[in-house]
Amino acid sequence: MPATPLLDTIRTPADLRALEHRRLQELADEVRAEMIEAVSLTGGHLGAGLGVVELTVALHYCFDTPRDILIWDVGHQAYPHKILTGRRDRMRTIRQGGGLSGFTKRSESEYDPFGAAHAATSISAALGFCVARDLRGDDNHVIAVIGDGSMSAGMAYEAMNNAAETTKRLIVVLNDNDMSIAPPVGGMSAYLTKLVTSRTYRKVRETAKKVTEALGAPIHDVAKKAEEYARTLVTGGTFFEELGFHYLGPFDGHDMNQLTRILANAKLYKDHPVLIHIVTKKGKGYPPAENAADKYHGVAKFNVVTGEQAKAKPGPPSYTKVFGQTLIRLAEQDDKIIGVTAAMPSGTGLDLFAERFPSRMYDVGIAEQHAVTFAAGLAADGMKPFAAIYSTFLQRGYDQVVHDVAIQGLPVRFAIDRAGLVGADGATHAGAFDIGYLGALPGFVVMAAADEAELAHMVATCAAIDDAPSAVRYPRGEALGVPIPDELAPLAIGKGRVVREGTTIALLSYGARLADALKAADRLAAMGLSTTVADARFAKPLDEDLIRRLAREHEVLITIEEGAVGGFGAFVLHFLAKEGALDCGLRIRTLTLPDRFQDQDSPAAQIAEAGLDADSIAAAALTALGRDALTGEGEARA
Ligand SMILES: Cc1ncc(C[n+]2csc(CCOP(=O)(O)OP(=O)(O)O)c2C)c(N)n1
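Residues numbered from 1 in each chain as written. Predicted model: local features only at pLDDT ≥ 70, side-chain atom pairs only at ≥ 80, totals over all residues. Heavy atoms only, no water.

1. Points about the pairing of strand 6 (residues 274–279)
Then, in step 1: Of all six residues in strand 6, five are buried; the element is thus mostly enclosed.
Then, in step 2: Direction of pairing for strand 4 (residues 171–176) relative to strand 6: parallel, over a ladder of six bridges. Note that in strand 6 the partner of leucine 174 across the bridge is histidine 277.
Then, in step 3: Direction of pairing for strand 5 (residues 246–252) relative to strand 6: parallel, over a ladder of five bridges. Following the sheet pairing, leucine 248 is matched in strand 6 by isoleucine 276.
Then, in step 4: Each parallel crossover has a hand, and for strand 5 linked through helix 12 (residues 256–266) to strand 6 it is right-handed. (Buried < 20%, exposed > 50% of the residue type's maximum accessible area, 1.4 Å probe, protein only. Helix = DSSP H or I, 4+ residues; strand = E, 2+ residues; numbered from the N terminus. Pairing = 2+ DSSP bridges. Right-handed = clockwise from strand over helix to strand, strands pointing away.)

2. Re the site of the ligand
Then, in step 1: The full set close to the ligand counts 21 residues, and His76, Gly149, Ser150, Lys282 and Glu368 are the nearest of them.
Then, in step 2: Here an oxygen atom of the ligand and a side-chain polar atom of histidine 76 are 2.7 Å apart.
Then, in step 3: One of the side-chain N or O atoms of serine 150 is found 2.6 Å from an oxygen atom in the ligand.
Then, in step 4: Protein burial of the ligand: of its 580 Å² of free accessible surface, 97% is covered by the chains.
Then, in step 5: A class-by-class count of the residues in the shell around the ligand yields nine nonpolar, eight polar and four charged.
Then, in step 6: Shared between two domains, the shell around the ligand holds at least three residues of each, these being domain 1 (7–299) and domain 2 (319–473). (Near = heavy atom within 4 Å. Polar contact = N/O pair within 3.5 Å; in protein donor to acceptor, adjacent residues only side chain to side chain. Areas by Shrake-Rupley, 256 points an atom, 1.4 Å probe, with all protein chains shown as cover. Nonpolar A, V, L, I, M, F, W, Y, C, P; charged D, E, K, R; others polar. Domains from an automatic or database assignment.)

3. Brief notes about the domain arrangement of the chain
Then, in step 1: As far as domains go, the chain holds domain 1 (7–299), domain 2 (319–473) and domain 3 (497–624).
Then, in step 2: Distance between the C-alpha centres of domain 1 and domain 3: 48 Å.

4. With respect to the pattern of salt bridges
Then, in step 1: A complete count under the given rule lists 43 salt bridges for this structure.
Then, in step 2: Arginine 473 is the salt-bridge partner of aspartate 434, the closest N and O atoms lying 2.7 Å from each other. Here aspartate 434, found in helix 20 (residues 434–439), pairs with arginine 473, found in strand 13 (residues 470–473); they are 39 residues apart in sequence, far enough to count as distant.
Then, in step 3: For arginine 473, a relative accessible area of 5% gives the class buried.
Then, in step 4: One salt bridge in this structure joins glutamate 579 and arginine 548, with 2.6 Å as the shortest N-O distance. Of the two residues, glutamate 579 is situated in helix 24 (residues 568–579) and arginine 548 in helix 23 (residues 544–553); the sequence distance between them amounts to 31 residues.
Then, in step 5: Residue arginine 548 is classed as partly exposed on the basis of its relative accessible area, which comes to 27%. (Salt bridge = Lys/Arg side-chain N within 4 Å of Asp/Glu carboxyl O.)

5. Remarks on the side chain of histidine 246
Then, in step 1: If you trace the backbone, histidine 246 turns up in strand 5.
Then, in step 2: A polar contact is formed between the side chain of histidine 246 and the side chain of aspartate 271, at a distance of 3.4 Å.

6. A look at the environment of aspartate 68
Then, in step 1: If you trace the backbone, aspartate 68 turns up in the loop between helix 4 (53–62) and strand 2 (69–72).
Then, in step 2: Residue classification places aspartate 68 among the buried residues on the basis of a relative accessible area of 5%.
Then, in step 3: Considering only alpha carbons, one finds aspartate 68 and aspartate 139, 71 residues apart in sequence, at a separation of 8.9 Å.
Then, in step 4: In this structure aspartate 68 touches Phe63, Asn140, His141 and Ile143, once residues within four positions along its chain are discounted.
Then, in step 5: Within the structure, aspartate 68 has its side chain in polar contact with the backbone nitrogen of aspartate 64 (distance 2.8 Å). (Contact = heavy atoms within 4.5 Å.)

7. Some details on the packing of aromatic side chains
Then, in step 1: Counted by the stated rule, this structure contains 18 aromatic pairs.
Then, in step 2: Ring centres 6.4 Å apart and planes at 90 degrees place the aromatic pair phenylalanine 114 and phenylalanine 129 in the edge-to-face group. You can see phenylalanine 114 sitting in the loop between helix 5 (79–87) and helix 6 (122–136) and its partner phenylalanine 129 sitting in helix 6, a full 15 residues away along the chain.
Then, in step 3: According to the relative accessible area criterion, phenylalanine 129 is partly exposed, its value standing at 23%.
Then, in step 4: Ring centres of tyrosine 191 and phenylalanine 240 lie 6.3 Å apart, and the angle between their planes is 50 degrees; on these two criteria the pair is classed as tilted. (Phe/Tyr/Trp six-rings, centres within 6.5 Å; stacked < 30°, edge-to-face > 60°.)

8. Some details on the packing of helix 4 against helix 5
Then, in step 1: With their axes 9 Å apart at the nearest point, helix 4 and helix 5 run at an angle of 40 degrees to one another. Relative to helix 5, helix 4 is oriented oblique. For the element pair helix 4 and helix 5, the recorded crossing hand is right-handed. Across from Val53, Thr56, Val57 and His60 in helix 4, the residues of helix 5 making contact are Pro80, His81, Leu84 and Thr85.
Then, in step 2: Partitioned by chemical class, the residues of the contact of helix 4 with helix 5 number four nonpolar, four polar and no charged. (Axes fitted to C-alpha atoms, helices over the stretch in contact; angles between N-to-C directions. Parallel < 35°, antiparallel > 145°, perpendicular 65-115°, else oblique. Left-handed = near helix turned anticlockwise from the far one by under 90°.)

9. Some details on the packing of helix 23 against helix 24
Angle between the axes and distance between the axes: these two values describe a pair of packed helices.
Then, in step 1: At a minimum axis distance of 11 Å, the contact between helix 23 and helix 24 shows a crossing angle of 70 degrees. For the element pair helix 23 / helix 24, the angle class is roughly perpendicular. Between helix 23 and helix 24, the contacting residues are Glu544, Ile547, Arg548 and Ala551 on the first element and Val572, Phe575, Leu576 and Glu579 on the second.
Then, in step 2: A breakdown of the residues in the contact of helix 23 with helix 24 according to their chemical character gives five nonpolar, no polar and three charged.

10. So, the nonpolar core
Then, in step 1: In this structure, Leu27, Leu46, Leu55, Leu59 and Ile276 are the most contacted members of the largest nonpolar core, which totals 53 residues.
Then, in step 2: In terms of residues, this core owes the most to one element, helix 2 (residues 24–42), which gives eight residues.
Then, in step 3: Those residues in contact with leucine 55 that sit more than four places away from it in its chain are Trp72, Val145, Val173, Gly253, Leu259 and Ile278.
Then, in step 4: In this structure, Val340, Ala342, Val405 and Val446 belong to the second largest nonpolar core, which totals 52 residues. (Core = buried A, V, L, I, M, F, W, Y, C linked by side-chain atoms within 4.5 Å.)

11. Here we look at the sheet that holds strand 2
Then, in step 1: Taken together, the five strands give an open sheet; going across it, the order is 2-3-4-6-5, and neighbouring strands pair in parallel fashion. Of all strands in the sheet, those with a lone pairing partner are strand 2 and strand 5, marking the two edges. With strand direction ignored, the average angle separating the axes of adjacent strands in the sheet is 20 degrees.
Then, in step 2: Pairing geometry for strand 2 and strand 3 (residues 142–147), over four bridges, is parallel. Among the inter-strand pairings, tryptophan 72 is bridged to a residue of strand 3, identified as valine 145.

12. With respect to the environment of alanine 116
Then, in step 1: With respect to the element layout, alanine 116 can be found in the loop between helix 5 and helix 6.
Then, in step 2: On a C-alpha basis, the gap between alanine 116 and isoleucine 71 in space is 8.8 Å, while along the polypeptide they are 45 residues apart.

Below, the structure written as structure tokens:
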């Protein structure tokens, strides 16, 4: 355990504010050590939090939280904030079942006024708090902290564009560590670098400060005037100024004196929103993180001394990797295939594609909406774009999926990773809704992979579909170890497959729950219940012949999917109702995720909680038959 004598005296930020200023850095050092120790035991987000330790201490020192509203963008950097806001004793439960969330969460603490996990929501939310305050006639401060990576997202600009005409008092801290998860991309990133590296700017700012000091102005006026001189003299106003912000910076975000001075100073601005540009180092203070290419953005458990992370047991590759490798195979035969990612090259497996085809891979930044319409443009001009986007992040681009892709029938291929429950990342990252939101769109081909060989075939199927949008969903994590065939044949569109023939019960699985459906069938067989297991493959178009047959020839039909209510099961029910097939007493049950947001837990515990493991599937079939869910006792109907 790190020695934490000062931190031991801090239960809430009020205790921190009672400290002498000269002790703040000492506290920051202890918070950093505590965070490294805690995350080494749990795994989680490390680099981003280490980079904002000084900022976190300074913010709680300068502002009266929770009365002053502090909103962290994404929330993955809020571990130091959690340590300082009464959650230190639960840090070792982070991202585990029943433990702290890995992000900010309203229900967790009054110091988390707004929850997050998706990027670039902080300025909009903060603006809402500002207006509520202004309408109430209150005088609390509102601060949003946003990273340079998140500044690549459209929402940040929508909010900044709207800020100055909406409130006079908002503080935005731009935490510029020149990193997203991967290196940041785009014009704004280049612009920020220019601001930071502009030596003339820095020099003039320093000179201006000295001049103002010499004139004997009070300390806060000194900083303010110095910035104004520097701005006028060198930049003539920045991009942020044009949007109506006072721009202050760039400052060293690890210099406690500078940070507390500038934050105190920012409180004085009452006529315009303020943007404070600080420069920090992702992974600061922990050499293994500072030196790693990814700055230890997200880590497994690790050895504090060496920084070495626990290795996953050798096993099958992840679905992500299978997708990346398959796309490379296909792209070798087809030079129209293009990879598109929204700031997630390694998360989507497109980093592999980028190594092989650097000129055919586009990282557009944290900009899912743009990624989708950019891909639509590519498709409209004859290319074959694969937009690889997590299910949860594609939600942000949904209007673009509808308006730019589906209505125009453009053959954009969507590779939907992290479909289904995602374990430690919890509800904000769960891929719960894509089956419903894509299956609702006319003309879309919507698939889910039951294993990695299926995924490879489905990616090949997407590549072959040139007259319609298509999508394939697949889960987080390791695949099943099923060999991937040498020949990748496109599947027959809208056709499922029967994996096991039976007579009494039909289990119709859509996607990666198939393995558990087969296990459930084994259990049922052991009770003498003959069970058919089918893999639907497609949620759209549905395999109507298969569904008709399963409904006609079995007493019970169970649909299984790792997605929200209103997905595959609903489509099957809708079809059967239309056919009148439900009028004859078919016993049908739809197994989906529960109709509530599930918190983080181990993947197996989440699946069991959702009632989608083998035992739950078997129990659902037994109950539908009127038998005991556990023992299977009771009589099946003749
Ligand atoms: C809408 C959305 N897309 C993608 C992500 C995945 N993601 C999480 S953090 C992150 C990088 C954020 O970079 P930055 O804001 O600079 O913060 P840093 O980690 O560098 O502190 C990304 C892309 C996300 N959270 N939300």
